[in-house]
Amino acid sequence: MDTKELLKKVRKIEIKTRRLSDHIFGGEYHSTFKGRGMTFSEVRQYQFGDDVRNIDWNVTARYHEPFVKVFEEERELTMMLMVDVSGSELFGTSQQFKNEIVTEIAATLAFSATQNNDKIGLILFSNQIELYIPPKKGRSHVLRIIRELIEFEPESKETNVAEALKFMQNVMKKKAIVFILSDFISEDYKQTMKIVSKKHDVTGIRIYDKQEEHIPNLGVVNMQDEETGQSMLVDTSSKRVRRNYEKFYQDNVGYFKDSFAKSGAGTIDCRVDESYVKKLLGYFKRRA
């Protein structure tokens, strides 16, 4: 992809996702993810409806009328976007591939965080850490993240969620808001998730295509695993083959939901042909 085409794509995603974060998600994000506490800001005259517990009795006695202490939320939060760039993210039978939806969701979340003056970092992972961008603030930083999401070419096509979580835990010393965007075709990350969720606020966003849920009856077809590169002939007319595949898929989804639920982490399921706007808004409102 040449520079001109890349910048055009970045600009298109910025326009769409920034509008969403400005008009829809900014306030919801702020309400959902609170700062570290409240800090004293100023003293002002008491107004009807103020909490009497905030009355400053020393100032009140001095001026012979009630004054209250005003507190501000101490935010300075950090959002870490963990994005799966393995081979299975290049799948899609609808209008978009999974990785295109992932880019839009990540950009929307990043601009929502920027609107609230929070830092944003990025981890791109496969079965290894492909790229790490430390958390920073600002629009130009978010645009760099979007550029990487669009054009980055991973070295590996396989997935290891546990390794990505371990890396994030090592680089993020303070509590962070963590969004993991993946199809979660991975194993053995439940225990790591439990450890990470004790320190960080974690949400898993599972992106999937409806055609991944089952194999249609197409007779004998040549299938290739996007992550391993292996090809094999599969008799899709066999009910047993289709049933085994559906069981494998449902077991994978069940493991994802169980791992996050038992860790106290949040989950969002988003199919590529569904509105991720509704999914994110619903999740923010439930949490707030």
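Notes on the structure follow. (Residues numbered from 1 in each chain as written. Predicted model: local features only at pLDDT ≥ 70, side-chain atom pairs only at ≥ 80, totals over all residues. Heavy atoms only, no water.)

1. A short note on the environment of Lys166
Argument step 1. Inspection of the secondary structure assignment puts Lys166 in helix 5 (residues 161-171).
Argument step 2. Judged by relative accessible area, which is 41%, Lys166 ranks as partly exposed.
Argument step 3. Spatially, the C-alpha atom of Lys166 lies 9.2 Å from that of Ile195, the residues being 29 residues apart in sequence. (Helix = DSSP H or I, 4+ residues; strand = E, 2+ residues; numbered from the N terminus. Buried < 20%, exposed > 50% of the residue type's maximum accessible area, 1.4 Å probe, protein only.)

2. Quick notes on helix 6 (residues 190-199)
Argument step 1. By the burial criterion, the buried members of helix 6 are Thr192, Met193, Val196 and Ser197. Looking straight down helix 6, one finds that the buried residues subtend no more than 130° of arc, so they occupy a single side. In helix 6, the exposed positions angled more than 90 degrees off the buried face are occupied by Gln191 and Lys198.
Argument step 2. Here the buried face of helix 6 lies against helix 5, strand 6 (177-182), strand 7 (201-208) and helix 7 (239-263). (Arc of directions from axis to C-beta. Contact = heavy atoms within 4.5 Å.)

3. Structural notes on the sheet that holds strand 4 (residues 119-125)
Argument step 1. Here six strands make up an open sheet; going across it, the order is 5-4-3-6-7-10 and the pairing mixed. The sheet terminates laterally at strand 5 (129-136) and strand 10 (266-271), the two strands that pair on one side only. Taken over all neighbouring pairs, the strand axes of this sheet differ in orientation by 15° on average, direction set aside.
Argument step 2. Note: strand 6 against strand 7, six bridges, orientation parallel. Counted as the bridge partner of Phe179 is Thr203 from strand 7.
Argument step 3. The strands touched by helix 8 (residues 276-287) within the sheet are strand 6, strand 7 and strand 10, with strand 10 carrying the most contacts at an inclination of about 165°. (Pairing = 2+ DSSP bridges. Axes fitted to C-alpha atoms, helices over the stretch in contact; angles between N-to-C directions.)

4. Brief notes about the pairing of strand 4
Argument step 1. Extensive coverage of strand 4 is indicated by the burial of six of its seven residues.
Argument step 2. The pairing of strand 3 (residues 78-84) with strand 4 spans seven bridges and is classified as parallel. Bridge pairing in strand 4 places Met80 opposite Gly121.
Argument step 3. Linking two consecutive strands that pair antiparallel, namely strand 4 and strand 5, is a turn of three residues.

5. Things to note about the packing of aromatic side chains
Argument step 1. Considering all chains together, one arrives at eight aromatic pairs under this definition.
Argument step 2. For the ring pair Tyr132 and Phe167, a centre distance of 5.4 Å and an interplane angle of 80° mean the geometry is edge-to-face. Linking Tyr132 in strand 5 with Phe167 in helix 5, this pair joins segments that are 35 residues apart in sequence.
Argument step 3. Residue Tyr132 is classed as partly exposed on the basis of its relative accessible area, which comes to 27%.
Argument step 4. Consider the rings of Phe184 and Tyr189, whose centres lie 6.1 Å apart with planes at 50°: the pair is tilted.
Argument step 5. We classify Phe184 as buried; its relative accessible area is 0%.
Argument step 6. One aromatic cluster is present, built from ring pairs that chain together Phe184, Tyr189, Tyr255, Phe256 and Phe260.
Argument step 7. Just above the ring of Tyr208 sits the side chain of Arg206; from NZ or CZ to the centre is 4.2 Å. (Phe/Tyr/Trp six-rings, centres within 6.5 Å; stacked < 30°, edge-to-face > 60°. Lys NZ or Arg CZ within 6 Å of the ring centre and 35° of its normal.)

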